[in-house]
Amino acid sequence: MPKTAEALERCRSFLNESCRPDGGERGECRTTTVNIGSISTADGSALVKLGNTAVICGVKAEFAVPPTDAPDEGYVVPNVDLPPLCSSRFRSQVASQFIADVIENSQIIQKEDLCISSGKLAWVLYCDLICLDYDGNILDACTFALLAALKNIHLPEVSINEETALAEVNLKKKSFLNIRTHPVATSFAVFDDTLLIVDPTGEEEHLATGTLTVVMGEEGRLSCLHKPGGSGLTGAKLQDCMSRAVTRHKEVKTLMDEVIKSMKHK
Amino acid sequence: MAGLELLSDQGYRVDGRRAGELRKIQARMGVFAQADGSAYIEQGNTKALAVVYGPHEIRGSRSRALPDRALVNCQYSSATFSTGERKRRPHGDRKSCEMGLQLRQTFEAAILTQLHPRSQIDIYVQVLQADGGTYAACVNAATLAVLDAGIPMRDFVCACSAGFVDGTALADLSHVEEAAGGPQLALALLPASGQIALLEMDARLHEDHLEWVLEAAAQAARDVHTLLDRVVRQHVHEASILLGD
């Protein structure tokens, strides 16, 4: 989509009237839908749609030897894939690093929970996120999909046989991972240093002069703040973003609890 | 042979189907807003997505442009979590490249490329869950996606896999049946004319048996055609209701 003068003017005129080109409110996020556990070959999976942006996350658990500097910990390897099928534009791989930081900083799971036998065997969770349809705000969709997939993952019980020193997997006894926090990302797009909109679409992101992503955990605990350059923001605007992020966290948490509850009743 | 019996004495397969029976197929067109055409198909437990961009100007070197027809570019990608064991490389490995090539050859036969000279049509296929018959699911999904994009085709392209066990030809193999190691045939058919777009088999099969296996695959492909036809008509019907005709 070429950045034409008309598109920017049109966007500005909408924003000055406190609404958005697609008809939504300035402070409102697009319709979010989530589907958990649809891929049976993956140990945990989730599909999240934020408006038109669709991201699918598949988690596969494998055995690995824990790293020598942390023998009591397992690890999580996230990977975000933006294949050519999601958009006709080329995007870079900043997203994978962002997700890795979110997992590390917000401590979604205790890495010690992933350890089976200290120094010998641990779980490694490969989280692969594929963007199926790109319409802006990939980071929010990825964090949500990752969280939903991790909540869905069942890990079988493993014990090390003393005599043979081999792992014995008990597929009949599966347990959920202990998810300690629920980080929710909220992204904003900045226009001309003053106008801020939450949950930007592809077109809005392309026209924006800066972006900001806030990752909020429970009780207003900030996990991560990502502002890669772009136009500046005053402290007051930043505070607004934080409070919006807190509200968004509640919305997303409620949605996820509902979906998980409906799944348990099946 | 110990272990799993692929075909019981009463003629039932591992998942309870009859020899010539297809798995349950569900498909939807127009699932993504960004792309020109998109479709999602589920054949049993195999889930595949196809997305079409085009026809558009050739990306990259202009010298690749063909003066009298469109270039068809296919890419096959299989998610790392799609199989039982985690796959290391989703794109760029030999199997993906080979699949991409086969898809391209199939669709070059079906799309009326002479109507769009010097342009490019991109078909991207993503397999989310693989349970046998991935080539067939990809072709079926891609057909729907190409139709959704409004690109003119000679005919539907319907594909199905077939195998041969205990003197009987089986249609639409699942992963268990494929892994058993018998001969497998993948067939892509243009149903109206009965022409074969692509036929692929690498295994030992007696020439007398080939006819039966081919017939089973062709009949299954025609059944797939009936289903896909219904999906397209349903989609058009829904779209025309929304337009208020």
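Residues numbered from 1 in each chain as written. Chains lettered and ligands numbered in written order. Predicted model: local features only at pLDDT ≥ 70, side-chain atom pairs only at ≥ 80, totals over all residues. Heavy atoms only, no water.

By the naming in an unreviewed UniProt entry, chain B is Exosome complex component RRP41, taken from Octodon degus. Per its UniProt entry, chain B bears the Sequence similarities (unreviewed entry) comment "Belongs to the RNase PH family." (UniProt positions renumbered as here; feature names shortened; annotations may be inferred.)

By the naming in an unreviewed UniProt entry, chain A is Exosome complex component RRP43, taken from Octodon degus. Among the UniProt annotations of chain A, the heading Sequence similarities (unreviewed entry) holds the following wording: "Belongs to the RNase PH family."

Caption draft 1: Layout of the side chain of B:Gln129. Mapping B:Gln129 onto the fold places it in strand β5 (residues 119-129). With relative accessibility at 2%, the residue B:Gln129 sits in the buried group. A polar contact of 2.5 Å, which involves the side chain of B:Gln129, links it to the side chain of A:Ser40. Apart from residues lying up to four places away in sequence, B:Gln129 is in contact with A:Ser38, A:Ile39, A:Ser40, A:Thr41, B:Asn45, B:Thr46, B:Lys47 and B:Ser82. (Helix = DSSP H or I, 4+ residues; strand = E, 2+ residues; numbered from the N terminus. Buried < 20%, exposed > 50% of the residue type's maximum accessible area, 1.4 Å probe, protein only. Polar contact = N/O pair within 3.5 Å; in protein donor to acceptor, adjacent residues only side chain to side chain. Contact = heavy atoms within 4.5 Å.)

Caption draft 2: Representation of the pairing of β5(B) within the structure. Residue and element names in this part refer to chain B. The buried fraction of β5 amounts to 11 of the 11 residues, a majority that puts the element mostly inside the structure. Pairing of strand β3 (residues 46-57) with β5, which is carried by 9 bridges, proceeds in the antiparallel orientation. When the bridges of β5 are listed, Ala-48 appears paired with Val-127. (Pairing = 2+ DSSP bridges.)

Caption draft 3: Molecular detail of the sheet that holds strand β11 (residues 210-216) of chain A. Residues and elements named next belong to chain A. Reading across the sheet, the 4 strands line up as β10-β9-β11-β12 and stay open at both edges, with antiparallel pairing between neighbours. The strands lining the two open edges of the sheet, one partner per strand, are β10 (195-198) and β12 (222-226). Pairwise comparison of adjacent strand axes, ignoring direction, gives a mean angle of 20 degrees for this sheet. Sheet topology note: the β11/β12 ladder contains 4 bridges and is antiparallel. Across the sheet, the residue bridging to Val-215 is Cys-224, located in β12. Where helix α2 (residues 94-106) meets the sheet, its contacts fall on β11 and β12, and the angle it forms with β12 comes to roughly 160 degrees. (Axes fitted to C-alpha atoms, helices over the stretch in contact; angles between N-to-C directions.)

Caption draft 4: The sheet that holds strand β6 (residues 158-165) of chain B, seen in detail. Residues and elements named next belong to chain B. An order of β7-β6-β8-β9 is seen for the 4 strands of this open sheet, with the pairing classed as antiparallel. Sheet topology places β7 (168-171) and β9 (195-201) at the edges, where each strand pairs with a single neighbour. Taking the axes of each pair of neighbouring strands and ignoring which way they run, one obtains an average angle of 25 degrees across the sheet. Note that β6 and strand β8 (residues 184-190) share 6 bridges and pair antiparallel. Note on β8: the bridge partner recorded for Ala-159 is Ala-188. Helix-sheet contacts for helix α1 (residues 94-110) involve β8 and β9, and the interaxial angle to β9 is about 165 degrees.

Caption draft 5: Up close: the interface of chain A and chain B. Each partner contributes residues to the interface: chain A has 26 residues there, and chain B has 26 residues. Between chain A and chain B, roughly 2,200 Å² of surface is buried when both sides are summed, and carbon and sulfur atoms account for 57% of that area. Per-residue buried area on chain A facing chain B is highest for A:Thr41, A:Lys60 and A:Leu85; these three make up 25% of the total on that side. At the boundary of chain A with chain B, the tally comes to 0 salt bridges. Summed over the shared surface of chain A and chain B, the number is 9 residue pairs in polar contact (both at pLDDT 80 or more). Elements with a minimum of two residues in the side of chain A that touches chain B: β3 (53-64) and β6 (121-133) of chain A. Broken down by element, the residue count for the side of chain A that touches chain B peaks at 6 residues, all from β3(A). The residue inventory of the side of chain A that touches chain B, partitioned by class, reads 12 nonpolar, 7 polar and 7 charged. (Buried area = accessible area lost by both parts, 1.4 Å probe. Salt bridge = Lys/Arg side-chain N within 4 Å of Asp/Glu carboxyl O. Nonpolar A, V, L, I, M, F, W, Y, C, P; charged D, E, K, R; others polar.)

Caption draft 6: Seen up close, the packing of helix α3 (residues 138-152) of chain A against helix α5 (residues 235-264) of chain A. Residues and elements named next belong to chain A. The geometry of α3 relative to α5 is characterised by a closest axis approach of 12 Å and an angle of 30 degrees between their N-to-C directions. In the crossing of α3 with α5, the sense of the turn from one axis to the other is right-handed. For the pair formed by α3 and α5, the contact residues are Phe-144, Leu-147, Ala-148, Lys-151 and Asn-152 on the first element and Val-252, Leu-255, Met-256, Ile-260 and Met-263 on the second. (Left-handed = near helix turned anticlockwise from the far one by under 90°.)

Caption draft 7: Region of the structure containing the side chain of B:Asp131. Residue and element names in this part refer to chain B. Mapping Asp-131 onto the fold places it in the loop between β5 and α2 (134-148). Here Asp-131 falls in the buried class, since its relative accessible area comes to 19%. With near-sequence residues (within four places) excluded, Asp-131 lies in contact with Arg-23, Asn-45, Thr-46, Leu-173, Ser-174 and His-175.

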